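Coordinates in review
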Amino acid sequence: MKPSKEELERRNIVGVGAERVTNVTSTDYPGHFPGEDHAWDLSHFRDNVTIEFHKNEPLEAEFSLIGVDASIANAFRRMMIADVPTFAIETVHMEKNTSVIQDEVLSHRLGLVPFKGGKTGFRKFMKFYKKPEEGEEHAYVDFNTIQLSLNVECTHNKKAAKNETVVTKLYNHAHVYASDIEFNPVGRQEQYFSGDNAIVPVHPDILIAKLRPGQQINCSLLMHKGVGSDHAKFSPVATASYRLMPTIKIKSPILGDDAKKFQKCFPKGVIELQTVTRKESKEEGPLKGKEGEWKAVVVDPMRDTVSRECLRHDEFKDKVELGRKRDHFIYSVESTGQWRSDEIFLEAVALFKEKAKKFEHQVINMAR
């Protein structure tokens, strides 16, 4: 027996009450409901899975993934954070550092600077660097290591005014920025990382250190390919999170001053005040004879933060029902700059597919 559309919608809503959350467990699997077949089907999955982008900018994206289980949605989130590869400074050869920052602290700061460059070079030409075993020599070659350098010395600015007090005008290189890091191509790297594709910091104004006359920093840097599961500096995202789509069901009309109060219980844009039309006022029901009065209408539940503020007021407790859609995930992805924000998700999908194929081969080999 196939359940009704209303029953399926009810099962898909996580209830949000004033003090508790209900219906939190998924039930769409075989054997839970007698007489119902919830076996996974590829064609049904293909027809029901939807991706909708709400915001798509180079460094920030917001989109909805609809029709999947929380385990799949969370797998994509984790892969965006930990499995999509990027490049970061891994080794610092400190030749001279007379600044007030210790060598290890300076090295750590340099490792966290995000870089960008030619996509083809980063994703196809450059490979992962394999650390040598004990007793072996480092195998630094053009396809696994990117060489950078930082050479800055602070000196007096002879052109500064006598009464000048701003240090950046008094001295040359008083502040060391990410833009002071220089890329030194070797071998075939010049083919992939030249001109507009040259390797540069994503944000050139990142402050690395402060110097005063007589102080200098001279170091050579080695950048390698890595993933966030090894170190957070390799993660391509600043944040990658999701939340469930909020639902707001007004069970009986909220009118007049109550409608204005109800609107203030939600973030701007969630609830709209509309006037009761003549047609509505002539129909039998709670709106009869209420022509011209304000009524609360839900227009954009996605903006809601599910603060449950409306449930604190007795006049609304029996008039509104809050919840979240169990299979509607709203992602927020902020890129650090080496990947476009939407490309990070697409790469996570490709990695998920690759892992699924490997797992399939392993299962087949075990069965043999």
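Overview of the structure. (Residues numbered from 1 in each chain as written. Predicted model: local features only at pLDDT ≥ 70, side-chain atom pairs only at ≥ 80, totals over all residues. Heavy atoms only, no water.)

1. Comments concerning the packing of aromatic side chains
- Inspection of the entire model under this criterion finds 16 aromatic pairs.
- Ring geometry for W40 and F45: centres 5.5 Å apart, planes at 45°, overall tilted.
- Of the residues examined, F45 reaches a relative accessible area of 30% and is grouped as partly exposed.
- Ring centres of F53 and F63 lie 5.0 Å apart, and the angle between their planes is 35°; on these two criteria the pair is classed as tilted. With F53 in strand β3 (residues 50-56) and F63 in strand β4 (residues 60-66), this residue pair connects regions lying ten residues apart in the sequence.
- Using a relative accessible area of 38% as the deciding quantity, one classes F53 as partly exposed.
- Aromatic ring contacts, followed pair by pair, group F53, F63, F76, Y242, F329, Y331, F345 and F352 into a single cluster.
- Geometry around F33 places R11 over its ring, the cationic atom sitting 3.6 Å from the centre.
- Lying over the aromatic face of W339, R123 brings its terminal NZ or CZ to 3.8 Å of the ring centre. (Phe/Tyr/Trp six-rings, centres within 6.5 Å; stacked < 30°, edge-to-face > 60°. Buried < 20%, exposed > 50% of the residue type's maximum accessible area, 1.4 Å probe, protein only. Helix = DSSP H or I, 4+ residues; strand = E, 2+ residues; numbered from the N terminus. Lys NZ or Arg CZ within 6 Å of the ring centre and 35° of its normal.)

2. A short note on a nonpolar patch on the surface
- A cluster of nonpolar side chains, contributed by W40, L42 and F45, occupies part of the molecular surface with about 340 Å² of accessible area.
- With respect to the helices, strands and loops of the structure, W40 is situated in the loop between β2 (21-22) and α2 (42-48). (Patch = residues over 30% accessible without salt bridge, like charges linked within 9 Å, V, L, I, M, F, W, Y side chains within 5 Å. Areas by Shrake-Rupley, 256 points an atom, 1.4 Å probe, with all protein chains shown as cover. Salt bridge = Lys/Arg side-chain N within 4 Å of Asp/Glu carboxyl O.)

3. Considerations on helix α8 (residues 256-263)
- The complete set of buried residues in α8 reads G256, A259 and F262. All buried residues of α8 lie within an arc of 100° about the axis, which places them on one face of the element.
- Considering only its buried residues, α8 is in contact with β15 (237-250), β16 (271-275), β17 (294-298), α10 (314-317) and β18 (320-335). (Arc of directions from axis to C-beta. Contact = heavy atoms within 4.5 Å.)

4. Some words on the pattern of salt bridges
- Enumeration over the complete set of coordinates arrives at 19 salt bridges.
- Across the salt bridge formed by E36 and R11, the nearest N and O atoms sit 2.9 Å from each other. In this pair, E36 sits in the loop between β2 and α2 while R11 sits in helix α1 (residues 5-11), placing the two residues 25 residues apart along the sequence.
- For E90, the salt bridge goes to K233, with nearest N and O atoms at 2.9 Å. Remark: K233 occurs in the loop between β14 (216-226) and β15 and E90 occurs in strand β5 (residues 86-97); sequence separation between them is 143 residues.
- Connected through salt bridges with shared partners, the residues E7, R10, R11 and E36 form a single ionic network.

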